[in-house]
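Survey of secondary and tertiary structure
Here's the letter readout for the chains.
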Amino acid sequence: MDIGVRRLGPGDEDAVHAARGLFDAAPQPEATQRFLAEPANHLLVAYDAKTPVGFVSGVELTHPDKGTEMFLYELGVDEPARGRGVGRTLVQALAAAAREAGCYDMWVLADADNAAAHATYARAGGRESSRPVLLEWDLR
């Protein structure tokens, strides 16, 4: 498998739509356009030839006393492409984009029982640093 990674940006809405099977749900046109238009948002898609086989999204977060870090928002790899290094390649590409953007670190939250995610992130150079508890607000 010869994987190429492409960062999508403004005007690449059709490429997001072509990769729709990789997302949890169909990409929403307005949300897609808004995400791609924001320079602090990163959407990288992995291709095997011209077929999208995975994606990673990240968001730069800046705080006055810390600087900028990259939040790895989501990683998705098509079932037949799993176990072939696609996830690792995408995570490493996002880390490279984070370095280029001047981020001081990159982080992700993964469910404790998601062994595949933990293995992928470890192979891409990630290490467990803490065991936080996620609290959330449903704002709908």
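Quick note: structure is the one above.
Residues numbered from 1 in each chain as written. Predicted model: local features only at pLDDT ≥ 70, side-chain atom pairs only at ≥ 80, totals over all residues. Heavy atoms only, no water.

1. Concerning the overall build of the protein chain
Counting its secondary structure elements, the protein chain contains four helices and five strands. The N-to-C order of helical and strand elements in the protein chain reads β-α-α-β-β-β-α-β-α. Against the compact-globule benchmark of 14 Å for 140 residues, the protein chain has a radius of gyration of 15 Å, which places it among compact chains. Along the first, second and third principal axes, the C-alpha atoms of the protein chain reach 40 × 35 × 30 Å. Counting all 140 residues of the protein chain, 34% fall into the buried class. For the protein chain, the accessible surface area stands at approximately 9500 Å², while carbon and sulfur atoms represent 50% of it. (Helix = DSSP H or I, 4+ residues; strand = E, 2+ residues; numbered from the N terminus. Rg over C-alpha atoms; globule rule 2.2 N^0.38 Å. Buried < 20%, exposed > 50% of the residue type's maximum accessible area, 1.4 Å probe, protein only. Areas by Shrake-Rupley, 256 points an atom, 1.4 Å probe, with all protein chains shown as cover.)

2. A word on the nonpolar core
Grouped burial of nonpolar side chains is what soluble globular proteins tend to show. The biggest cluster of nonpolar side chains holds 17 residues, and the ones touching the most others in it are V56, L72, V86, L90 and L94. Taken together, the elements giving at least two residues each to this core come down to β2 (41-48), β3 (51-63), β4 (67-77), α3 (86-100) and α4 (115-123). It is α3 that provides the largest number of residues to this core, a total of five residues. Look past the residues within four positions of L94 in its chain and what remains in contact with it is H42, L44, V56, S57, G58, M70, L72 and M106. Counting 10 residues, the second largest nonpolar core, distinct from the first, contains L8, L22, L36 and V45. (Core = buried A, V, L, I, M, F, W, Y, C linked by side-chain atoms within 4.5 Å. Contact = heavy atoms within 4.5 Å.)

3. Concerning the pairing of β2
Of all eight residues that make up β2, seven are buried, and the element is covered over most of its length. Looking at chain direction, strand β1 (residues 3-8) and β2 are connected through six bridges and run antiparallel. Paired with G4 across the two strands is Y47, which belongs to β2. The sheet contact formed by β2 and β3 spans eight bridges and is antiparallel. Each bridged residue has a counterpart across the sheet, and for D48 the counterpart in β3 is T51. In sequence, β2 turns back onto β3 through a hairpin of two residues, with A49 there showing a positive phi of about 60°. (Pairing = 2+ DSSP bridges.)

4. Side note on the packing of aromatic side chains
Applying the stated rule across the entire model yields three aromatic pairs. Arranged with centres 5.5 Å apart and planes meeting at 70°, the rings of F71 and Y73 form a pair that is edge-to-face. Under the relative-accessibility criterion, F71 is labelled buried at 18%. The class of Y73 is exposed, set by a relative accessible area of 54%. Among the aromatic residues, ring-to-ring pairing joins F71, Y73 and W107 into one connected group. (Phe/Tyr/Trp six-rings, centres within 6.5 Å; stacked < 30°, edge-to-face > 60°.)

5. Observations concerning the side chain of S57
If you trace the backbone, S57 turns up in strand β3. Ignoring sequence-local partners within four residues, the contact set of S57 consists of F35, H42, L43, F71, L72, Y73, E74 and L94.

6. Structural notes on the sheet that holds β3
In space, the five strands of this open sheet follow the order β1-β2-β3-β4-β5, with mixed pairing throughout. A strand with exactly one partner marks an edge of an open sheet, and here the two such strands are β1 and β5 (106-107). The pairing of β4 with β5 spans two bridges and is parallel. The partner of F71 across the bridge, within β5, is W107. Most of the contacts of α3 go to β4, to which it runs at about 160°, and overall it touches β1, β2, β3, β4 and β5. (Axes fitted to C-alpha atoms, helices over the stretch in contact; angles between N-to-C directions.)

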